[in-house]
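Residue-level structural notes
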Amino acid sequence: MNAKETIELGVFTGYSLLVTALSILQDGKIVAIGVDREAYESIGLPITKRANIKNKIEFIESEALPALDLLLQRTRLSRARRNQASLQLRPTQENEGSFDVALVDANRANQENHHERLMRQVRVGGVTVYDKTLWGGNTVLPDASSALLIRRRSWQDIAEFNKTIA
C-alpha cells in the first residue's frame, strides 16, 4: 500500500503507533489524537524514541471530534516540508483525502461521527480500521445481556455503528 500519512484516534500507550510507524514508509507521518498525553509520554514515547521513530509522530492531546474538525477546517500535513514533521495551519480544505490509513480506537459512542469526518480525510483507496467492531463475537448477539459483562456498556454503540457501515 505504501502508506505515507496516517491518522490514529485513541492513543493510550502508543503500541499501535509503534506498529504503524515501523510499517509505513521511512518518511511517513502519523497524526495521533489522544486524551491522555501522560500515559503516552510515560509508556509509548520512550519506546518510539528507542525505535528511532519519534519524528514520524505528531501527538495531539484532544478528544477526537474537535481535533478532526480542526484538521478538516484548518490544517494539513505539509507534503512539501515532511521532514520537519509539522502541521501547517492554513485556512483551506487541502487535507481532505490526505491520509492513506486511519485507525480508530476511541470513544465508541462517537464512532459514527468519527467515521463521517474520516471519510473526508482518508483518500479514495485508503484504509480505515475500527477497533473492537467484532469484539469476540459479542456484537452479533441479539442484545447486550448476552455479552460479556465488561463489554455490555459499549455493546449498543458498537452494534449500531456496525449496522451503519454495513
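The paragraphs below set out a description of the structure included in this document.

Parameters at a glance
Residues numbered from 1 in each chain as written. Predicted model: local features only at pLDDT ≥ 70, side-chain atom pairs only at ≥ 80, totals over all residues. Heavy atoms only, no water. Helix = DSSP H or I, 4+ residues; strand = E, 2+ residues; numbered from the N terminus. Buried < 20%, exposed > 50% of the residue type's maximum accessible area, 1.4 Å probe, protein only. Areas by Shrake-Rupley, 256 points an atom, 1.4 Å probe, with all protein chains shown as cover. Phe/Tyr/Trp six-rings, centres within 6.5 Å; stacked < 30°, edge-to-face > 60°. Salt bridge = Lys/Arg side-chain N within 4 Å of Asp/Glu carboxyl O. Pairing = 2+ DSSP bridges. Axes fitted to C-alpha atoms, helices over the stretch in contact; angles between N-to-C directions.

1. Considering the overall build of the protein
- Secondary structure assignment for the protein yields five helices and seven strands.
- Taking all 166 residues of the protein together, 41% fall into the buried category.
- Here the protein displays about 9,200 Å² of accessible surface, and carbon together with sulfur accounts for 52% of that area.

2. Here's the deal with the packing of aromatic side chains
- With the rule as written, the count across this model stands at one aromatic pair.
- Between the aromatic rings of Tyr 40 and Phe 59, the centroid separation amounts to 5.0 Å while the plane-to-plane angle is 0 degrees, which identifies the pairing as stacked. Pair noted here: Tyr 40 is in helix α2 (residues 37-50) and Phe 59 is in strand β3 (residues 57-61), with a separation of 19 residues, a long-range link.
- Relative accessible area serves as the criterion here: at 10%, Phe 59 is assigned to the buried category.

3. Focus on the pattern of salt bridges
- Overall, the coordinates contain five salt bridges when judged by the stated rule.
- For Glu 41, the salt bridge is made with Arg 37, and the minimal N-O distance between the two is 3.4 Å. Separated by four residues within a single helix, Glu 41 and Arg 37 lie in helix α2, roughly one turn from each other.
- Since its relative accessible area comes to 37%, Glu 41 is described here as partly exposed.
- For Arg 37, a relative accessible area of 28% translates into the label partly exposed.
- Arg 37 serves as the salt-bridge partner of Glu 61, at 3.4 Å between the closest nitrogen and oxygen.

4. Side note on the sheet that holds strand β1 (residues 5-9)
- Taken in spatial order, the five strands of this open sheet run β3-β2-β1-β6-β7, and their pairing is parallel. Lying at the two open borders of the sheet, with one neighbouring strand each, are β3 and β7 (122-130). On average, adjacent strands in this sheet sit at an angle of 15 degrees to one another, irrespective of strand direction.
- Two elements, β1 and strand β2 (residues 29-34), share five bridges in a ladder whose sense is parallel. The residue bridging Thr 6 from the neighbouring strand is Ile 30, located in β2.

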